[in-house]
Amino acid sequence: SDDGRRAKLLHRLGDAELALRDPVAIEHLQQAVELTDEPQRAIDIYLQLVDVLSMAGHWEPAIQAVETALERFGRTDLPGVMDLEAARAASRFYDPERVTEYDCDLPRLQALVKGRSDEESQHLRWFLAAAGALRDSPEVAIVELLGPLGGVGSMRRRGRETSFVGQAVTALLMIEAYE
């Protein structure tokens, strides 16, 4: 479709502008995500948009992008949905006005990652571990959420840089697991 082609073009343009640190990238990524008819591409663009908006300090638009993405794709098991869940959980947990939303949603989030140690659940697990550590959860629960940490040195995930490794580090520091 014309919209599909336009979405791909806007996404490429946004990518190029990001590389050049051009703020107009945000506008082009927003247009691309609205036009794309491919769910996986849309999720990837939403994640990119959330990263860019957050790094620019545009918290409300970043939170809105997460909420919109989860409204559209939250009931799917497409790659990236768990990262959106992690971003929403973090935005709620660290905001005193929204922390009760986090607390109400916590059982569902814990159920999403229960028994998982895969890369897809990693960001959500790392965030839940950090939040648990900050709230003095039992060390064994935190270690279980962190899962195997071999090769965690990478700051990249599906071609994007990730800030969630900081959550894993926070959890490890809080439980004094320096090794």
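Scoring rules and cut-offs
- Residues numbered from 1 in each chain as written.
- Predicted model: local features only at pLDDT ≥ 70, side-chain atom pairs only at ≥ 80, totals over all residues.
- Heavy atoms only, no water.
- Salt bridge = Lys/Arg side-chain N within 4 Å of Asp/Glu carboxyl O.
- Helix = DSSP H or I, 4+ residues; strand = E, 2+ residues; numbered from the N terminus.
- Buried < 20%, exposed > 50% of the residue type's maximum accessible area, 1.4 Å probe, protein only.

## Quick notes on the pattern of salt bridges
- One pass over the full model with this rule turns up 14 salt bridges.
- The salt bridge involving Arg-108 is made with Glu-85; its shortest N-O contact spans 2.7 Å. One end of the pair, Arg-108, is in helix 6 (residues 99-113); the other, Glu-85, is in helix 5 (residues 81-93), and 23 residues separate them in sequence.
- Exposure remark for Arg-108: the relative accessible area of 35% places this residue in the partly exposed category.
- Classification of Glu-85 by relative accessible area gives buried; the value is 5%.
- Between Asp-105 and Arg-92 there is a salt bridge, with its nearest N and O atoms 3.5 Å apart. Separated by 13 residues along the polypeptide, Asp-105 in helix 6 and Arg-92 in helix 5 bring together distant segments of the chain.
- A relative accessible area of 12% places Arg-92 in the buried class.
- Counted as one network, the salt bridges with shared partners bring together Glu-67, Glu-85, Arg-88, Arg-92, Arg-98, Glu-101, Asp-105 and Arg-108.

## Topic: the environment of Gly-80
- Mapped onto the fold, Gly-80 is located in the loop between helix 4 (59-73) and helix 5.
- Taking the relative accessible area as the measure of exposure, Gly-80 reaches 0% and is therefore buried.
- Sequence-wise, Gly-80 and Ala-111 are 31 residues apart; in three dimensions their C-alpha atoms are separated by 17 Å.

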